[in-house]
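Take a look at the letters that make up each chain.
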There are 2 protein chains.
Amino acid sequence: MALVDEIEEIAKRRGFFWLSQEIYGGVSGFYDYGPLGALLKQNIEKLIKEHYLQEEKCLMIEAPTLTGIDPWVASGHVESFTDMTIECGKCGEAYRADHLVEEHLKVKTEGKQANEIQDMIETNKIKCPKCSGILSKVYDYNLMFKTYIGPGKTKLEAALRPETAQTTYMPFKRLFEIGRKKLPLGVMQIGKSFRNEISPRKALVRLREFTQAEIQFFVNPKEKNEWDISKVKDVEALVLTKQDQKKDGKPKKMAISDLVGKRLTNRMVAYFLAVSLLLYKKMGLDAKKLRLRQHKDNERSFYSSDTWDVEFMSEKYGRIELVGVADRTDYDLKRHQELSKQSMEVSVDGEKFIPHVIEIAYGIDRPLLCILESCIRQDGDRTYFSFPPSVAPYQAAVFPLVNKDGLPEKACEIYGMLRKKFLCLYDVSGSIGKLYYRQDEAGTAYCITVDYDTLKDNTATIRERDTKKQVRVFVKNLAGIIEKLTNGEINFEDAGKAIK
Amino acid sequence: MALVDEIEEIAKRRGFFWLSQEIYGGVSGFYDYGPLGALLKQNIEKLIKEHYLQEEKCLMIEAPTLTGIDPWVASGHVESFTDMTIECGKCGEAYRADHLVEEHLKVKTEGKQANEIQDMIETNKIKCPKCSGILSKVYDYNLMFKTYIGPGKTKLEAALRPETAQTTYMPFKRLFEIGRKKLPLGVMQIGKSFRNEISPRKALVRLREFTQAEIQFFVNPKEKNEWDISKVKDVEALVLTKQDQKKDGKPKKMAISDLVGKRLTNRMVAYFLAVSLLLYKKMGLDAKKLRLRQHKDNERSFYSSDTWDVEFMSEKYGRIELVGVADRTDYDLKRHQELSKQSMEVSVDGEKFIPHVIEIAYGIDRPLLCILESCIRQDGDRTYFSFPPSVAPYQAAVFPLVNKDGLPEKACEIYGMLRKKFLCLYDVSGSIGKLYYRQDEAGTAYCITVDYDTLKDNTATIRERDTKKQVRVFVKNLAGIIEKLTNGEINFEDAGKAIK
């Protein structure tokens, strides 16, 4: 059995994630993040957040996930956010009609309309895969979770948001005022979104409740191609354009400067694709499995003039879309203006216009799964996660060599000192080998051992997870050294005196 | 007009929070956090999170907010999480029946049953306050938002969670395994919860979607009164017991050790009340407005044997419950065991039992409002927020004295250096007085000014928000000094050479 096939089982056992509501049989499309997964997820969010707040100078907002229906009428989600669905007349099971046809006939259905899918089902006499019952007509099923706000007759029709984007567009004019009427204006939102998928699959790849980090850049349309890409121009990527998908379907290696030079997309989209690639590498994703893919004309959302994804080619789950960078034009703001009768126009440098939006839409759950796939390692009977230290759930763990003679007390003292600076663990239950093994399984970056010499000369051993190399350092320098190692400011070999 | 009465208006203008979906007329009970509010909120979460992860060694998990209905059947929410509601037969408006009676008759209705409220309405001929229409019968209205998961006939009845707690109880046995079968086991969850209030009021005090930080300590019932309170025993608080509420209703000043000594509650509850008080003081809440109040027997939730709140006595909003510390006994785990048929029993040190739960349930939105009330200051025509530096949305801002002669370039360079370490702003638009004013309004802790001397001797001025005092420091030390000031490791006077 390949290591990647064990990931879901390992994730459950070690506490990364498991199907939600297990004791009641589980609910598909919903996962709990366990103690390791929740910390790993926070570190992914932190990397993205810090980059956009500090480097791209974005504002951050947080809007509710439950809203009235108006924004989704404006955005087109009420009308168009649907999947073709079909139900069994006998057992009641529902299926995505296009997927059912694809699986049954081994054909592609991309771009096909509901009536064409209906024809294919009838012609080929496709029955319910579960009970062989007769299937209903294909119908459009809206993927928003709907509910009502307030009681009684005056209750308000409501929906859980299927994306954060619209909840950032609604207060645009207020944000523009707060940002002192300047463009570009970048606004980030990190939070939950919801899609009532018909048959969610593939662990964290297709969830009904998921976390997004979405950034909306409101820009003067001219700015899209005036963006400064100098910091990322030499970043290389495997690129699959919409043209190449029509031709040989093979991605080509090129630099970001080529992407712009060949006018394959605008400078802003190119820049944020590069930024995303760099962020994924920092998170520990296997760079060889990443590529950029442009949406084809028939797959692109109705609101977008150009969309690109960064994709991870998973050994287990196939192609996983990690982030979408889309030129949403002025579509959404115009629609909100029409429906709300509130002007979305701005006046900047003597020009009046409705801003365009470049959206960078990160999923947070999917990269977590890709990090596990990228970082899992087997080394003899040792299975471990080689997470980058800054992304690892715990940066360090502290053990006493033996559970007596004052060593636990000393180790606790060190643990107390370190845990003020970063997340770390104290463990005492088991032999030193067992203690190491347990931390390797959790992907803890550094293990610190306190032994008899520590009591004499106030030094301790740091062990690096991947290489199992060890260095000896002064206790008083431990916190600083672990911080420098975590931030990549020093090499492990230079952290202290090597132990042979 | 008192300063506190302006808080909602100021919050909207400066970007702390505003009613959600404003362009569509707003939806009551839902607020957007703007750029300053979102950062302030994150800092509140961070303080609580760091304390419980690092000091109390809790595990962190994250469960979905949307769940099947089973856990809420088990918890009693389907049956009992209701408010007495009444509707107008004419205009359709709905009201909380007990509140309507209280307002109309100026009486207390605490503890009254639906039929008693119904009688009071009929006897006093209370009509719809809006249109004088005849009111319906009083009925129990369930406060959970309900929806369905999946399509068609096999769809699953679902609800948005009204508390995080049950979503932590469900995977208890898995968490117990991951925590290596030890008690006490503390598990924290920070996330959204939802209550479909009939008439939400008071800005962030009563929201329909809100953020909680809830910690569940699974314990051997014996441990509740064996908890080490030595770190907090001398913490003093205004305490209002359930007995005193029956008598004079006056809180008494006492130390946490007295609370335990007089057997007013168990050591665990007392400890976490003290921890919460200390956290609120760190956040900048006015300590004089904080008190501990024990729930009376007739107000306590059915699952709890003893509950205490930390309350903030707001000048504008009255009594605000900030955190509830409750002894939930083994009620919830037992109920889940009954309904799911999965054992919740553990075996520890030769004993077999279902653990008890001590819950510490923080709201995150309410303290944010209380921080604004506690920190707003007027000083001549200057209105500012005296946030503790570690809680302030931005720790620092950097300006050039004038927008020419190479000063903006130098200021930008410093800004680039600082923003790698903490959140800061760069601003250049306006006179230095205007720049200071703007940062004071945002509660930015420190302003750094770059002037002609900076170009000569590489020093810059740091100005403290509250005192307007200034010191001169070397640019190379800036980041370290701001960090030490923020962490309270040095006094401002000792940060550099005083400028008179």
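Residues numbered from 1 in each chain as written. Chains lettered and ligands numbered in written order. Predicted model: local features only at pLDDT ≥ 70, side-chain atom pairs only at ≥ 80, totals over all residues. Heavy atoms only, no water.

**Q** Just to check I follow, could you spell out the overall build of chain A for this structure?
**A** The helix and strand inventory of chain A stands at 17 helices and 27 strands. At 26 Å, chain A has a C-alpha radius of gyration in line with the 23 Å of a compact globule built from 500 residues. Principal axes of the C-alpha set define a box for chain A whose edges measure 80 × 65 × 60 Å. Here chain A holds 500 residues, and 59% of them are scored as buried. Counting contacts in chain A only where the partners sit at least 6 residues apart, residues at least 24 apart contribute 65% of the total. When the accessible surface of chain A is split by element, carbon and sulfur atoms take 48% of a total near 20500 Å². Of the side-chain charges in chain A, 79 are positive and 73 negative, and the distance between the mean point of each set is 1 Å. (Helix = DSSP H or I, 4+ residues; strand = E, 2+ residues; numbered from the N terminus. Rg over C-alpha atoms; globule rule 2.2 N^0.38 Å. Buried < 20%, exposed > 50% of the residue type's maximum accessible area, 1.4 Å probe, protein only. Contact = heavy atoms within 4.5 Å. Areas by Shrake-Rupley, 256 points an atom, 1.4 Å probe, with all protein chains shown as cover. Lys, Arg positive; Asp, Glu negative; His and termini not counted. Charge placed at Lys NZ, Arg CZ, Asp CG, Glu CD.)

**Q** Explanation requested: unusual backbone geometry in the structure shown.
**A** Negative phi characterises most residues that are not glycine, and trans characterises most peptide bonds. At the junction of A:Leu183 and A:Pro184, the peptide bond is cis and its omega measures out at -5° in the coordinates. Secondary-structure assignment places A:Pro184 in the loop between α8 (172-178) and β10 (185-194). Phi is positive for A:Lys468, close to 60°, though the residue is something other than glycine. Here A:Lys468 is to be found in the loop between β25 (459-464) and β26 (470-474). One non-glycine residue with positive phi stands out, namely B:Lys125, at about 50°. By the element assignment, B:Lys125 lies in the loop between α6 (114-123) and β7 (139-142). The exposed category is assigned to B:Lys125, whose relative accessible area is 62%.

**Q** Looking at this structure, I do not really get the domain arrangement of chain A. What am I missing?
**A** By convention, interface size is frequently given as the accessible area that disappears when the constituent parts associate. All names here are of chain A. In terms of domain boundaries, chain A breaks down into domain 1 (3-75 + 144-374), domain 2 (83-142) and domain 3 (394-498). Of note, the centres of domain 1 and domain 3, computed from C-alpha atoms alone, are 38 Å apart. For the pairing of domain 1 and domain 3, the buried interface totals around 460 Å² over both sides, and the portion due to carbon and sulfur atoms is 59%. Its largest share of buried area at the contact with domain 3, domain 1 owes to Arg14, Leu36 and Leu39, together 80% of the area lost on that side. On inspection of domain 1 and its partner domain 3, the count reaches 1 salt bridge. Here Arg14 and Glu441 are joined by a salt bridge, their closest N and O atoms 3.0 Å apart. Contributions of two or more residues to the side of domain 1 that touches domain 3 are made by α1 (7-14) and α2 (35-55). Partitioned by chemical class, the residues of the side of domain 1 that touches domain 3 number 3 nonpolar, no polar and 2 charged. (Domains from an automatic or database assignment. Buried area = accessible area lost by both parts, 1.4 Å probe. Salt bridge = Lys/Arg side-chain N within 4 Å of Asp/Glu carboxyl O. Nonpolar A, V, L, I, M, F, W, Y, C, P; charged D, E, K, R; others polar.)

**Q** Is there a simple way to think about the relation of the copies chain A and chain B in this case?
**A** For these two chain copies, the linking operation is a rotation about an axis paired with a shift along it. You can overlay chain A on chain B at an RMSD of 0.1 Å; the transform is a turn of 180° with a shift of 0.0 Å along its axis. Taken together, these values place the two copies in the relation of a two-fold axis. Taking the C-alpha atom as reference, chain A places A:Thr147 closest to the rotation axis, 2.8 Å from it. Residue by residue, 100% of the interface of chain A is reproduced at the interface of chain B, so both copies engage with the same surface. (Least-squares fit on C-alpha atoms with pLDDT ≥ 70 in both.)

**Q** Would you explain the pairing of strand β24 (residues 446-450) of chain B in this entry?
**A** Each regular strand displays side chains that alternate between the two surfaces of the sheet. Residue and element names in this part refer to chain B. Across the 5 residues of β24, 5 count as buried, placing the element largely inside the fold. Along β24, one buried face is formed by Tyr446, Ile448 and Val450 and the opposite face, lined by Cys447 and Thr449, is buried too. One ladder, built from 5 bridges, connects strand β22 (residues 396-400) with β24; its direction is parallel. By the bridge assignment, Ala396 is partnered in β24 with Tyr446. Across 4 bridges, β24 lies against strand β25 (residues 459-464) in antiparallel orientation. Opposite Thr449, over in β25, you have Thr461 as the bridge partner. (Pairing = 2+ DSSP bridges.)

**Q** What is the right way to look at the sheet that holds strand β23 (residues 424-426) of chain A in this model?
**A** For sheets, the rule is that strands pair by backbone hydrogen bonds, running either parallel or antiparallel. Residues and elements named next belong to chain A. Taken in spatial order, the 6 strands of this open sheet run β23-β22-β24-β25-β26-β27, and their pairing is mixed. Since the sheet does not close on itself, it has two edges, and those belong to β23 and β27 (497-499), each with one partner. Strand-to-strand twist across the sheet, computed as the mean angle between neighbouring axes with direction ignored, equals 30°. Along the sheet, helix α15 (residues 432-442) contacts β22 (396-400), β23, β24 (446-450), β25 and β26; its crossing angle with β22, the most-contacted strand, is approximately 170°. Relative to β24, helix α17 (residues 478-486) is tilted by about 160°, and along the sheet it contacts β22, β24, β25 and β26. (Axes fitted to C-alpha atoms, helices over the stretch in contact; angles between N-to-C directions.)

**Q** Teacher, can you tell me more about the pattern of salt bridges here?
**A** Pairing between side chains of opposite charge can happen when the charged atoms of each approach one another. All names here are of chain B. Considering all chains together, one arrives at 102 salt bridges over all chains under this definition. As a salt-bridge pair, Lys316 and Asp5 come within 3.7 Å of each other at their nearest N and O atoms. You can see Lys316 sitting in the loop between β15 (306-314) and β16 (318-329) and its partner Asp5 sitting in the segment before α1 (7-14), a full 311 residues away along the chain. Exposure remark for Lys316: the relative accessible area of 33% places this residue in the partly exposed category. Assessed through its relative accessible area of 35%, Asp5 is described here as partly exposed. Lys222 is the salt-bridge partner of Glu351, the closest N and O atoms lying 3.2 Å from each other. Here Glu351 is found in strand β18 (residues 351-353), whereas its partner Lys222 is found in the loop between β11 (209-219) and β12 (236-240), with 129 residues between them in sequence. Assessed through its relative accessible area of 29%, Glu351 is described here as partly exposed.

**Q** I tried to follow the interface of chain A and chain B on my own but got confused; where do I start?
**A** Contact with chain A, which involves 88 residues of that partner, is made by 88 residues of chain B. Summing both sides of the interface, chain A and chain B together bury roughly 7000 Å²; the carbon and sulfur share of this comes to 56%. When residues of chain A are sorted by the area they lose upon contact with chain B, A:Ile23, A:Tyr24 and A:Glu62 head the list and together hold 11% of the total. On inspection of chain A and its partner chain B, the count reaches 14 salt bridges. The shortest N-O distance in the salt bridge between A:Glu55 and B:Arg419 comes to 3.5 Å. Remark: the boundary between chain A and chain B carries 34 residue pairs in polar contact (both at pLDDT 80 or more). The leading source of residues in the side of chain A that touches chain B is α2(A), at 9 residues. Looking at the side of chain A that touches chain B residue by residue, the class counts come to 41 nonpolar, 21 polar and 26 charged. (Polar contact = N/O pair within 3.5 Å; in protein donor to acceptor, adjacent residues only side chain to side chain.)

**Q** Looking at this structure, how should I read the packing of α2(A) against helix α11 (residues 267-283) of chain A?
**A** Each pair of packed helices gets described by two things: the angle between the helix axes and the distance between those axes. All names here are of chain A. Where α2 contacts α11, the two axes come as close as 11 Å, and the packing angle between them is 140°. Taken together, α2 and α11 sit at an angle that is classed as oblique. Handedness of the α2/α11 crossing: right-handed. Contacts between α2 and α11 involve Ile44, Leu47, Ile48, His51 and Tyr52 from the first element and Phe272, Val275, Ser276, Leu279, Lys282 and Met283 from the second. Its residues placed into classes, the contact of α2 with α11 shows 8 nonpolar, 2 polar and 1 charged. (Parallel < 35°, antiparallel > 145°, perpendicular 65-115°, else oblique. Left-handed = near helix turned anticlockwise from the far one by under 90°.)

**Q** Before we go on, may I ask you to explain the side chain of B:His51 in this structure?
**A** Residues and elements named next belong to chain B. Mapped onto the elements of the fold, His51 is located in helix α2 (residues 35-55). Residue classification places His51 among the buried residues on the basis of a relative accessible area of 18%. For His51, the contacting residues outside a window of four places in its chain are Glu56, Val275 and Leu279.

**Q** So what exactly am I meant to see when it comes to the side chain of B:Gln395 here?
**A** Residues and elements named next belong to chain B. You can see Gln395 is positioned in the loop between β21 (382-385) and β22. Residue classification places Gln395 among the buried residues on the basis of a relative accessible area of 9%. In this structure, Gln395 is in contact with Pro389, Ser390, Phe422, Leu423, Thr444, Ala445, Tyr446 and Thr486, ignoring residues within four places of it in sequence.

**Q** Could you clarify how one ought to interpret the sheet that holds strand β4 (residues 66-68) of chain B in this entry?
**A** All names here are of chain B. Strand order in the open sheet made by the 3 strands is β4-β9-β8, with antiparallel pairing throughout. Because the sheet does not close on itself, it has two edges, and the strands there are β4 and β8 (146-149). Neighbour-to-neighbour, the strand axes of the sheet open up by a mean angle of 40°, direction not taken into account. In this structure, β8 lies alongside strand β9 (residues 156-160), joined through 4 bridges in antiparallel fashion. Paired with Thr147 across the bridge in β9 is Ala158.

**Q** Where do I start with the packing of helix α5 (residues 97-105) of chain A against helix α6 (residues 114-123) of chain A in this structure?
**A** Residue and element names in this part refer to chain A. Orientation of α5 relative to α6, taken along the N-to-C sense of each, is 40°, at an axis distance of 10 Å. Here α6 runs oblique to α5, going by the angle between their axes. Pair α5 / α6 crosses with left-handed handedness. Two secondary-structure elements touch here, α5 through Ala97, Asp98, Val101 and Leu105 and α6 through Ile117, Met120 and Ile121. When grouped by side-chain class, the residues that make up the contact of α5 with α6 number 6 nonpolar, no polar and 1 charged.

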